[in-house]
Amino acid sequence: MKNYHNTPILPERKLLILLSLTALIAGTLLLLTFTNTTTSRLFCTRPDNPFHSKPDPTQLRSILHYATSRIVPQQSFSEITVSFDVLRSIGPCNFLVFGLGHDSLMWASFNANGKTVFLEEDPTWVQTVLKDAPELNAAVVKYRTKLSEADELMRTYRSEPECAPAKSYIKGNDKCRLALTSLPDEVYETEWDMIMVDAPRGYFAEAPGRMAAIYSAMVMARNRKKSGVTHVFLHDVNRKVEKAYANEFLCQKYRKHSVGRLWHFEIPPASNTTVNDGAWFC
């Protein structure tokens, strides 16, 4: 995602991550091109004839970008690998990403032939990224919350019936301040197999914070009609708000992996869960 933290990255770590990502993407592309085994789908693709298939343009741009850039994704290699392994196992899939940044080409190339949509709060940053990578599907999102309101929202959301699990909707849910009501129709109309929450900004009082993104990700996962679970990834769980809202809405019982600052949840549809009387999301 966008580097809002202005945290310097050691040259040695930058070089290691850059080389690892380039090798990962390039090696995967070579496997897709030269192997006869259709089960080798590291980029979430399954060509009928690997010897005659053409690489996805996003994959080629991704290799070029990471091979020539000094800027690396904010997530560590170990954190990226958690999501990569899921994409490899379920892709091509529907992948929703909160945030647009230095890792966006990577995520889109990992999910070649799938649908990957990026949601970003800063319209200027969207224009900057799309200028260099116009094939990315990105939209601007307006948030109704501020990080300074996180504690209040946590205390009061249960008093609003429209926030309850039994309601469980976000489009047009103006009464629940945690519901994201201004997303593109494409987001509401798609059942997402993977959701990555790595935005919006959440490190100063006037920032939107990730409260609404976490709540809305849970609602979308609960509303799933297809078989299987929704994989939700939350980054920066070392921060108070991210951790508290993950515990409240994404539920520790659904957490499958914890690597660095990343938590991975496998959330079943509401139709497959039993909620005790008086209980909320968790």
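Please refer to the structure higher up on the page.
A brief structural summary. Every value quoted in this text rests on a predicted model; they were computed, and no experiment measured them.

### Remarks on the overall build of the protein chain
The helix and strand inventory of the protein chain stands at nine helices and seven strands. Per-residue burial for the protein chain yields a buried fraction of 53% across its 282 residues. As displayed, the protein chain has an accessible area near 13,100 Å², and 53% of this comes from carbon and sulfur atoms.

### A word on the packing of aromatic side chains
Here the structure, examined in full by the defined rule, presents 11 aromatic pairs. Ring centres of Phe95 and Trp107 lie 5.9 Å apart, and the angle between their planes is 85°; on these two criteria the pair is classed as edge-to-face. In this pair, Phe95 sits in strand E1 (residues 94-98) while Trp107 sits in helix H4 (residues 104-110), placing the two residues 12 residues apart along the sequence. Take Phe95: its relative accessible area is 0%, and that puts it in the buried class. Its relative accessible area of 0% is what places Trp107 among the buried residues. When the ring of Tyr215 is compared with that of Phe281, the centres are 5.7 Å apart and the planes differ by 80°; the resulting orientation is edge-to-face. Taken together, the residues span a long stretch of sequence, with Tyr215 in helix H8 (residues 211-222) and Phe281 in the segment after strand E7 (262-267) at a distance of 66 residues. Each member of the pair, Tyr215 as well as Phe281, carries the same accessibility label: buried. Taking NZ or CZ as reference, Arg255 lies 4.4 Å from the ring centre of Trp263, over its face.

### Comments concerning the pairing of strand E6 (residues 255-259)
For E6 and E7, the ladder comprises four bridges, and the chain directions are antiparallel. Its bridge partner lying in E7, Ser258 is registered against Trp263. Two successive antiparallel strands, E6 and E7, enclose a turn made up of two residues, where Gly260 displays a positive phi of approximately 60°.

### Notes on helix H5 (residues 123-132)
Burial in H5 covers these residues: Trp125, Val126 and Val129. Viewed end-on, H5 has its buried residues packed into an arc of 105°, placing them on one side of the element. With respect to the buried face of H5, the exposed residues turned more than 90 degrees away are Thr124, Gln127 and Lys131. On the buried face of H5, the contacting elements are strand E2 (115-120) and strand E3 (137-140). Its side-chain oxygen at 3.0 Å from the backbone nitrogen of Thr124, Asp122 defines the N-terminal cap of H5.

Basis of the calculations
Residues numbered from 1 in each chain as written. Predicted model: local features only at pLDDT ≥ 70, side-chain atom pairs only at ≥ 80, totals over all residues. Heavy atoms only, no water. Helix = DSSP H or I, 4+ residues; strand = E, 2+ residues; numbered from the N terminus. Buried < 20%, exposed > 50% of the residue type's maximum accessible area, 1.4 Å probe, protein only. Areas by Shrake-Rupley, 256 points an atom, 1.4 Å probe, with all protein chains shown as cover. Phe/Tyr/Trp six-rings, centres within 6.5 Å; stacked < 30°, edge-to-face > 60°. Lys NZ or Arg CZ within 6 Å of the ring centre and 35° of its normal. Pairing = 2+ DSSP bridges. Arc of directions from axis to C-beta. Contact = heavy atoms within 4.5 Å. Polar contact = N/O pair within 3.5 Å; in protein donor to acceptor, adjacent residues only side chain to side chain.

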